[in-house]
Amino acid sequence: MARILITSALPYINGIKHLGNLVGSQLPADLYARYCRARGHEVMFICATDEHGTPAELAAAKAGKPVAQYCAEMHSVQTELANGFKLSFDHYGRSSSARNHTLTQHLAARLAAAGLIEEVAEKQVYSNADGRFLPDRYIEGTCPNCGYERARGDQCENCTKQLDPIDLINPRSAISGSTDLEVRDTKHLFLRQSKLRDTLDQWIDSQQGWPVLTTSIAKKWLHDGDGLQDRGITRDLDWGVPVQFDGAPWQGMDGKVFYVWFDAPIEYIAATAEWADAQGLDDSAWQRWWREDMGADDVRYVQFMGKDNVPFHTLSFPATLMGANFDKSEPWKLVDYIKSFNYLNYDGGQFSTSLGRGVFMDQALSILPADYWRWWLLSHAPENNDSEFTWENFQASVNKDLADVLGNLVSRVTKFCRSKFGEVVPEGGALGAREAQLVDDLAKGLDSYQKVMDAMMVRRSAQDLRALWVLGNEYLQEAAPWSTFKTDPESAAAQIRLSLNLIRFYAVISQPFIPDAAARVMEAINCDDWSWPDDVASALNMLPAGHAFTVPEVLFAKITDDQRAEWEAQFSGQT
RNA sequence: GGGCCUGUAGCUCAAUUGGUUAGAGCAGAGCGCUCAUAACGCUUUGGUUGGGGGUUCGAGUCCCUCCGGGCCUACCA
């Protein structure tokens with residue numbers, strides 16, 4: 001039994017996430033967490049909402065609510081959706097929590113003590129009308145390079161040239177449209193991560209088997225141009241973790257908060273502390289996951305994220321934790337494996353929140369059960385390339401895999417048994433060569449499934465699982481208990497007894513992918529023993545003769561052509 | 001501009017890192033079964049591995065070049 005710490009990239013607070021966000025981090029993380037628990041490992045699975053930053057403030061303003069209230073409400077909405085998708089977080093925290101405030105400030109002070117914080121004087125655009133400093137991309141104007149009139153202050157979307165906001169012609173606030181802008185002096189704290197470049201480089205080199213996507217992005221940032229750049233970790237905002245606090249090792253930072261990308265990953269740790277608080281446990285309960293000097297030395301830490309998050313998780317966050325341990329007194333647990341994902345597109349384009357294009361988490365659950373989405377998304381996870389959601393593919397995959405291959409198998413076995421033997425596991429008969437063959441095939445298939453699940457090969461795992469389901473249909477076809485029954489009812493009884501056990505076997509091993517359906521199957525066959533089938537033969541002997549069960553309702557209703565057409569129109573975003 | 005990823009059957013993807021005849025699922029065709037959600041099983045059609053050149057006994061895999069798709073490029077998060 002191992003101890004496995006799993007974190008999913010934090011979903012941002014300013015709205016409901018779409019399926020692309022879900023499949024890029026939370027869903028595969030949940031798959032892995034469920035699998036690890038099922039194998040008997042001790043798991044801590046952490047996620048949280050990422051609540052700070054300009055977009056949160058703007059979204060709150062748009063909703064006409066104080067930002068704290070807005071975030072609290074959106075957090076509960078996202079919590080509900082996470083529950084709806086059966087994301088099995090041990091804790092779903094908030095980056096705005098008191099725990100994160102304290103820890104973020106503590107780590108910043110440690111970095112200062114390490115000489116890794118630098119105060120930098122800057123000039124930044126202030127909007128009088130909006131009463132706030134504007135991040136570069138919230139300033140719009142005419143591109144000095146190509147004349148595009150809606151260029152953003154960081155980059156022109158038209159000619160892709162990198163810009164400085166002061167280069168823009170006729171600059172205006174992207175928030176209010178106001179042109180009443182001025183350049184003000186301000187100062188910010190910078191994380192001197194350039195000093196850790198070689199350390200980070202060696203650390204990444206020492207990691208085994210990370211996805212190319214992960215290492216290539218990290219290497220790019222480490223070695224591109226002048227190498228890893230220092231990074232501002234504070235912002236002139238109201239909502240966030242205050243930079244000025246009791247005992248802060250710097251002065252004159254009033255009214256500033258830490259940049260969301262500094263405090264967000266720290267929330268992984270803080271959320272674990274929130275978990276301990278919620279459980280009524282003391283600090284040692286979370287420290288044994290995060291402090292190598294307090295019991296975390298045997299923890300394996302795995303992170304899941306979309307590719308846009310990789311730089312922060314391979315560089316900034318490790319730099320923060322390494323820096324905080326400058327005197328060897330705070331050995332924080334660093335990540336052991338980073339599983340990163342490409343993007344999911346929607347029917348020939350990108351998901352778009354602003355255009356209402358694509359399927360969002362709340363909409364998805366309103367039209368179909370979570371398992372449908374979990375299965376399709378995981379079996380098509382964008383591991384090597386961006387992948388694409390189409391309704392046609394979704395319908396075909398779900399109907400074939402879930403309804404026909406698995407659902408129908410459950411149906412045909414339980415209904416046959418009911419009609420010939422009643423709703424009870426039949427007794428008598430003996431297993432023969434074909435049954436031994438099945439056990440052998442299942443053992444081989446299960447071994448492969450476990451290997452790819454251990455390796456977090458998501459699509460491959462779905463394929464292997466499906467292949468295991470198929471073995472059941474093949475067996476049934478050959479054993480043909482409906483024929484056997486006519487001449488040798490005892491043998492048919494043995495075959496069906498095995499088949500009913502096979503259904504439990506499938507529920508247990510499929511649970512990480514489709515937890516609701518698995519639970520329904522277990523309920524129907526009246527079994528609550530979810531123990532992993534380490535030995536296939538004995539796992540298929542678990543439900544004894546005489547054990548009562550009920551025939552479950554149709555596990556997966558098929559998606560009809562009419563439904564597909566309706567949804568296709570509904571979510572096209574061209575209303 | 002720079003960097004990285006990618007292009008394999010109509011569709012979605014494999015191919016143990018250079019090694020026999022490039023494999024699966026879906027879709028299509030044929031047969032079988034009749035327990036089951038018109039489900040299941042078996043058989044089968046289908047590829048000049050984006051184009052071209054090169055290295056090698058041998059290339060989907062390595063090199064060059066051209067074409068196409070995507071991502072990142074540090075103040076959205």
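Going by the annotation in an unreviewed UniProt entry, the name recorded for chain A is Methionine--tRNA ligase, with Roseinatronobacter bogoriensis subsp. barguzinensis given as the source organism. Taken directly from UniProt, the Function (unreviewed entry) text for chain A runs: "Is required not only for elongation of protein synthesis but also for the initiation of all mRNA translation through initiator tRNA(fMet) aminoacylation." Regarding chain A, the UniProt comment filed under Sequence similarities (unreviewed entry) reads as follows: "Belongs to the class-I aminoacyl-tRNA synthetase family. MetG type 1 subfamily."

Digging into the sheet that holds strand β10 (residues 231-232)
In space, the 4 strands of this open sheet follow the order β5-β4-β9-β10, with antiparallel pairing throughout. The outermost strands of the open sheet, each flanked by one partner alone, are β5 (132-133) and β10. With 2 bridges connecting them, strand β9 (residues 181-191) and β10 associate as antiparallel partners. Looking at the pairing, Leu191 lines up with Arg231 of β10.

Topic: the domain arrangement of chain A
Domain boundaries assigned for chain A yield domain 1 (3-105 + 260-369), domain 2 (111-196 + 203-249) and domain 3 (371-539). Computed over C-alpha atoms only, the centres of domain 2 and domain 3 are separated by 52 Å.

A short note on the nonpolar core
One finds Trp373 and Tyr506 to be the most contacted residues of the largest nonpolar core, which totals 165 residues. Ala56, Ala60, Val67 and Cys71 belong to the second-largest nonpolar core, a separate cluster that totals 10 residues.

Comments concerning the pattern of salt bridges
Scanning the model with the defined rule gives 35 salt bridges in all. With a closest N to O distance of 3.9 Å, Arg192 and Glu118 form a salt bridge. Remark: Glu118 occurs in strand β4 (residues 117-127) and Arg192 occurs in the loop between β9 and α5 (197-205); sequence separation between them is 74 residues. Linked through salt bridges whose partners overlap, the residues forming this network are Arg3, Glu42, Arg288 and Asp298.

Things to note about the packing of aromatic side chains
Under the definition given, this model contains 30 aromatic pairs. Aromatic side chains Trp261 and Phe312 sit 3.9 Å apart centroid to centroid with 10° between the ring planes, which places their arrangement in the stacked category. Within this pair, whereas Trp261 is found in helix α7 (residues 260-278), its partner Phe312 is found in helix α9 (residues 310-324), the two being separated by 51 residues in sequence. Classification of Phe312 as buried rests on a relative accessible area of 11%. If you follow Arg3 out to its NZ or CZ, it ends over the ring of Trp289, 4.5 Å from the centre. Cation over ring: Lys307 sits above Tyr343, and NZ or CZ is 4.7 Å from the ring centre.

Digging into the UniProt feature "short sequence motif: 'HIGH' region" (unreviewed entry) in chain A
Listed under "short sequence motif: 'HIGH' region" (unreviewed entry) in the UniProt record, and renumbered for this structure, are residues 11-21. Taken end to end, residues 11-21 comprises 27% helix and 0% strand; its first and last C-alpha atoms sit 8 Å apart.

A short note on unusual backbone geometry
The phi dihedral of Lys86 is positive, around 60°, even though this residue is not glycine. Turning to its location among the elements, Lys86 is positioned in the loop between α3 (67-84) and β3 (91-94). The residue Lys328 is not glycine, and still its phi comes out positive at about 65°. The topology assignment puts Lys328 in the loop between α9 and β14 (337-341). Judged by relative accessible area, Lys328 falls into the exposed class, the value being 68%.

Thresholds applied
Residues numbered from 1 in each chain as written. Chains lettered and ligands numbered in written order. Predicted model: local features only at pLDDT ≥ 70, side-chain atom pairs only at ≥ 80, totals over all residues. Heavy atoms only, no water. UniProt positions renumbered as here; feature names shortened; annotations may be inferred. Pairing = 2+ DSSP bridges. Helix = DSSP H or I, 4+ residues; strand = E, 2+ residues; numbered from the N terminus. Domains from an automatic or database assignment. Core = buried A, V, L, I, M, F, W, Y, C linked by side-chain atoms within 4.5 Å. Buried < 20%, exposed > 50% of the residue type's maximum accessible area, 1.4 Å probe, protein only. Salt bridge = Lys/Arg side-chain N within 4 Å of Asp/Glu carboxyl O. Phe/Tyr/Trp six-rings, centres within 6.5 Å; stacked < 30°, edge-to-face > 60°. Lys NZ or Arg CZ within 6 Å of the ring centre and 35° of its normal.

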